Amino acid sequence: MNRITELFQRKPHEILNIYFTAGYPRRDDTAPIVQALERAGADLVEVGMPYSDPLADGPTIQASGTRALANGMSLPLLFEQLADLRPRTRLPIVLMGYLNPIMQYGDEAFFRRCAELGVDGLIIPDLPMPEYEAHYRDLVRDLDLGFSFLITPQTSAERIRRVDELSRGFIYMVSNASITGAKNAISGKQIEYFRRIQAMELDTPRLIGFGISNRETFTTACEFAQGAIIGSAFIRALGDAGGPLEPAITRFVHAIRGIQVPIH
Amino acid sequence: MIAIDERGYYGEFGGAYIPEMLHANIEELRRQYVDIWEDDAFQRDFRRLLRDYVGRPTPLYLAERLSAHYGATIYLKREDLCHTGAHKVNNTIGQILLAQRLGKKRIIAETGAGQHGVATATVCALAGLQCIVYMGAVDIRRQAPNVSRMKMLGAEVRPATSGSQTLKDATNEAIRDWINHPEDTHYIIGSAVGPHPYPDMLARLQSVISEEMMQQLAEQTGRDAPDAILACVGGGSNAAGAYYHYLNRPEVRLIAVEAAGKGVHSGESAATSVLGTQGIIHGSRTLLMQTNDGQIVEPYSLSAGLDYPGIGPMHAHLIASGRAEAIAIPDGEAVRAAFFLARKEGIIPALETAHAFAALDHLAYSADDVLVVNLSGRGDKDLATFIPFLDENR
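Keep in mind it's a predicted model, so treat the numbers as computed, not measured.

Chemist: Can you tell me about the overall build of chain A, naming the residues and giving the values?
Modeler: Along its length, chain A carries 13 helices and 9 strands. For 264 residues, the compact-globule estimate of 2.2 N^0.38 gives 18 Å, and chain A sits close to it at 17 Å. Along the three orthogonal principal directions, the C-alpha set of chain A runs to about 55 × 45 × 35 Å. For chain A, with 264 residues in total, the buried portion stands at 61%. Looking at chain A alone, contacts between residues at least 24 apart form 74% of all its contacts between residues at least 6 apart. Accessible surface computed for chain A: about 10500 Å², of which carbon and sulfur atoms make up 48%. Counting 27 positive and 31 negative side-chain charges, chain A places the averaged centre of each group 5 Å from the other.

Here it is as C-alpha cells:
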C-alpha cells in the first residue's frame, strides 16, 4: 500500500507534514534532514525541488531554492539522494515542485523514477487539472503514486469536488489567499473557510498549509483537517541553526507537538 | 489558419499553467474578456480614448530617404507618437476599461524598461485607481527617468529583489501580489505572454495597429497588405498587434526581430527563438531560455524591454510553424540602426524598436517591395544609453 494512504488510515489526525527544500542549507543535507525529522516525530515529509521561478512561494522558500540551486542541487542529484535515503527511512516522502523542470527531465520518466525510488506522492501546483487528467492520471494510478491538488478560499464547491475526485493521498488545503510564508495566527475568516470545507465531507483527507508556523496554528489547523503542513517556519529554523541541524530539527518538531524538552 | 483554440492554445503553445491560487481570477477573465471586448459600449469607450487620449490613428509614414537607401518602399507605423511614447498604452487603455467592468479597485503591473509601467500608471491616473508597479531593482537603477514618471503619475513602484531583479522577477512579484489579493485586484500584464487569456487579450487590444495599417496602406498604395512587416519581439505585444489582421494572409511576410545581445551564442543574449526550448514560463507553454535542468536563464540585451527569457505563445507558434521568420540583432547593430534612423528620417526610435530597423540590413529587396516597420516606441528613454555612442556616430 502507498505509504501516504497507510499513514492516513493508521493516524487520521494531527498529521505533521514538514516541507523543506532539497539541497538547503547545504547540498547533501536532504537525506539527513528527512532522517532527523523521522526521529523527531514528523509524520510526512514534503521535499521541495528547487526552481528558479517559484510563483506560489514567498521570500523564505524562494531564498532557500536560490541557495539550493547555487549549491548545485538538481533533479538527477535529488534522485541520487533519495535512492540512498529510501532504505533508511519509513517516512512517506512527497515531492513538491513546478512543472518546467519536470518537463525538461521528461515527464513520464520523472513519474516512473519517483515510483522506482519509493517516492510516495507529488505536488505540482502549476499543473492544471485538465492536463493532469489528459496526460498523467492513468500513469500516476498505475504507479500507485499519491497526487495532491490544491484548494483555496476562492475555489468553488464544484471545483473542490473535482479536486477530491482527482487527488490521491491528501488534498492540499491552502489556508489563506496568499503565497507561502509563516504567519502567527489564524483569523476568523479562515476558520469559516475551514468549517465550510469540513462540512463538505470529502473522501480525500486534507492537510492545511500556508501560514502554519507554530504549535498554536498547527493545533487550530488540526481541528479542521487531518493535519497540517509547515514550510517557511521550518526553513527559517534550518537557516538559523548555525551548527548541526539535528538539534534544531528536534527542537522545532517538539515545539510543534508540544513536547516539553528538559532544560539542561 | 492561425487562431487560438478554446483552451487557449496556438498550436502546441499557450494554455494556463497556473497554481490554484490564481484560478478564480484567471477564470473570471477567461469567461468575460471576449464578451467585454465585443460589447458595443466597451468598444465605444475604447475607441474614443484611443482617438482623443492616445492620439490614434497613428500615422503610416512613407520614409522616403530610408526607402531610397534600401531600394524598396518602406512605411513606418508611428506607434512612437502614441501618448506616453509607445504602443504599450493601447493595451493599458483597454485593460483599465476591462478592470472597471470587472469592478476591480487596485491595479498591479510589471515593467522592465518602464514603458509599460508608465502606460499603466497613466491609465490608473485617468481612471482614479490605485496603481502598484513591480520593477526589478536592477531596472529601477537603469531606468530612473521612467521611475520618476510613474511616481509623478501617482503610482507606487515596488522593487523586485528576488532572482536576477529584472523583468522576469518583476513579473513573478506581480503574480505573487495577485495571489495575495485575489478579489479586488486586476493584473495588467504588459506583453503578449502569461496564462490564457492574456496573450489573446493583448493581441486583440494591440490589433488596432494592423487594423489601421490595412486602411492606411489601401489609401496610400491601393493595396491593403504590405509584402513584409517587421517588428521587434521581447514578449511580443507590438508584433502581435502589427501582425494580427495579416496572420492568415500568407503573402505577407512576418518578420520577428529578437535581441541577440552580445551575439546569439555569446551566453549573453535574448534570442529566444534560437536559444529557447519548449517549457513553461509565467503560466504559458512556450519557447524559453532555460538550462537542461529546466531552470529559467536570465537573458541579456542592452535594451531593457527585450530581455525577457520567453516569447509569447502566439509568436512561438508563428515561428515554429514557419509562418513568421525570426532575425536576431546584436546590441551594436541596434544602436547603429537607431542613429541611422535619426539621421535619415529625424526620428529617434526606442532601443527595442531599433532592432527592427537593424533587420532591414538583413533582407534582400525588389524595387516594388512594400515593407512596414512597426515603430513601436520613441527613444527619449534611451538617451543615456545612446550618449556614449555619439562620438563614433558623428
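Chemist: Please give an account of the packing of helix H14 (residues 331–345) of chain B against helix H15 (residues 351–358) of chain B that cites residues and values.
Modeler: Working note: a packed helix pair is described by the angle between its axes plus the distance between those axes. Residue and element names in this part refer to chain B. Where H14 meets H15, the axes come as close as 7 Å, and the angle between the chain directions of the two elements is 90°. As far as their axial angle goes, H15 and H14 are roughly perpendicular. Residues Glu333, Ala334, Val335, Ala337, Ala338 and Leu341 of H14 touch H15, and the partners they reach there are Leu351, Ala354, His355, Phe357 and Ala358. In terms of residue class, the contact of H14 with H15 is built from 9 nonpolar, 1 polar and 1 charged.

Chemist: Go over the environment of Glu251(B) with me, naming the residues and quoting the values.
Modeler: Residue and element names in this part refer to chain B. For Glu251, the position within the fold is in the loop between helix H11 (237–243) and strand E10 (253–261). Sequence-wise, Glu251 and Pro226 are 25 residues apart; in three dimensions their C-alpha atoms are separated by 8.6 Å. Within the structure, Glu251 has its side chain in polar contact with the side chain of Arg249 (distance 2.9 Å).

Chemist: So what's going on with the pattern of salt bridges? Residues and values would help.
Modeler: According to the stated counting rule, one finds 44 salt bridges over all chains in the structure shown. Here Arg162(A) makes a salt bridge to Glu133(A), at a shortest N to O gap of 3.0 Å. Residue Arg162(A) is found in helix H9 (residues 157–166), and its partner Glu133(A) is found in helix H7 (residues 129–135); the two are separated by 29 residues along the sequence. The salt bridge involving Asp177(B) is made with Arg106(B); its shortest N-O contact spans 2.9 Å. With Asp177(B) in helix H8 (residues 167–180) and Arg106(B) in strand E5 (residues 106–111), the pair connects residues that are 71 residues apart, well separated along the chain. Judged by its relative accessible area of 5%, Arg106(B) falls in the buried class. Salt bridges sharing partners connect three or more residues here, namely Glu133(A), Arg137(A), Arg162(A) and Glu165(A).

Chemist: Can you break down the layout of surface pockets residue by residue, with the values?
Modeler: Reported here for the largest pocket is a volume of approximately 860 Å³. Looking at the lining of the largest pocket, the elements with two or more residues in it are H7 and H9 of chain A together with helix H1 (23–38) of chain B. Among the elements that line the lining of the largest pocket, the one with the most residues is H1(B), at 7 residues. Its boundaries defined by the atoms lining it, the second largest pocket holds a volume of some 330 Å³. Gln143(B), Asp380(B), Lys381(B), Asp382(B) and Leu383(B) are, among the 21 residues lining the second largest pocket, the residues nearest its centre. Classifying every residue of the lining of the second largest pocket gives 6 nonpolar, 8 polar and 7 charged. Domain assignment of the residues forming the lining of the second largest pocket places at least three in each of domain 1 (10–49 + 88–191) and domain 2 (55–85 + 206–393) of chain B.

Chemist: Let's hear about a negative patch on the surface: which residues, and what values?
Modeler: All names here are of chain B. A contiguous patch of negative charge, built from Asp35, Glu38, Asp39 and Asp40, is present on the exposed surface. Secondary-structure assignment places Asp40 in helix H2 (residues 40–54). Among the residues examined, Asp40 registers a relative accessible area of 60% and is labelled exposed.

Chemist: A description of empty space enclosed by the protein should follow, citing residues and the corresponding values.
Modeler: If you walk through the whole model with that rule in mind, you get 9 cavities of 30 Å³ or more. Of the pockets and cavities examined, the largest cavity occupies roughly 400 Å³. Going through the elements one at a time, E5, helix H5 (115–127), H8, H11 and H15 of chain B are the ones with two or more residues in the lining of the largest cavity. Residues of the lining of the largest cavity, tallied by class, amount to 12 nonpolar, 19 polar and 5 charged. Mapped onto the domain boundaries, the lining of the largest cavity takes at least three residues apiece from domain 1 (10–49 + 88–191) and domain 2 (55–85 + 206–393) of chain B. Taken as a whole, the second largest cavity encloses approximately 210 Å³ of empty space. Listing elements by their share of the lining of the second largest cavity, those giving two or more residues are strand E9 (227–230) and helix H12 (232–240) of chain A.

Chemist: Describe in detail the sheet that holds strand E6 (residues 130–136) of chain B, supporting the description with residues and values.
Modeler: Residue and element names in this part refer to chain B. The 4 strands lie next to each other as E7-E6-E5-E8, forming an open sheet whose pairing is parallel. Two strands lie at the open edges of the sheet, namely strand E7 (156–160) and strand E8 (185–187), each paired on one side alone. Across the sheet, the mean angle separating the axes of adjacent strands is 25° when strand polarity is ignored. Sheet analysis places E5 next to E8, joined by 3 bridges and oriented parallel. In the sheet register, Ile107 faces E8, and the bridge partner there is His186. The sheet strands contacting H5 are E5 and E6, and the helix crosses E5 at an angle near 165°.

About the thresholds
- Residues numbered from 1 in each chain as written.
- Chains lettered and ligands numbered in written order.
- Predicted model: local features only at pLDDT ≥ 70, side-chain atom pairs only at ≥ 80, totals over all residues.
- Heavy atoms only, no water.
- Helix = DSSP H or I, 4+ residues; strand = E, 2+ residues; numbered from the N terminus.
- Rg over C-alpha atoms; globule rule 2.2 N^0.38 Å.
- Buried < 20%, exposed > 50% of the residue type's maximum accessible area, 1.4 Å probe, protein only.
- Contact = heavy atoms within 4.5 Å.
- Areas by Shrake-Rupley, 256 points an atom, 1.4 Å probe, with all protein chains shown as cover.
- Lys, Arg positive; Asp, Glu negative; His and termini not counted.
- Charge placed at Lys NZ, Arg CZ, Asp CG, Glu CD.
- Axes fitted to C-alpha atoms, helices over the stretch in contact; angles between N-to-C directions.
- Parallel < 35°, antiparallel > 145°, perpendicular 65-115°, else oblique.
- Nonpolar A, V, L, I, M, F, W, Y, C, P; charged D, E, K, R; others polar.
- Polar contact = N/O pair within 3.5 Å; in protein donor to acceptor, adjacent residues only side chain to side chain.
- Salt bridge = Lys/Arg side-chain N within 4 Å of Asp/Glu carboxyl O.
- 1 Å grid on protein atoms, 1.4 Å probe; cavity = no way out; pocket = protein on both sides within 12 Å on 5 of 7 lines; lining within 4 Å.
- Points joined across faces, edges and corners; volume = space filled by probe spheres on them.
- Domains from an automatic or database assignment.
- Patch = residues over 30% accessible without salt bridge, like charges linked within 9 Å, V, L, I, M, F, W, Y side chains within 5 Å.
- Pairing = 2+ DSSP bridges.

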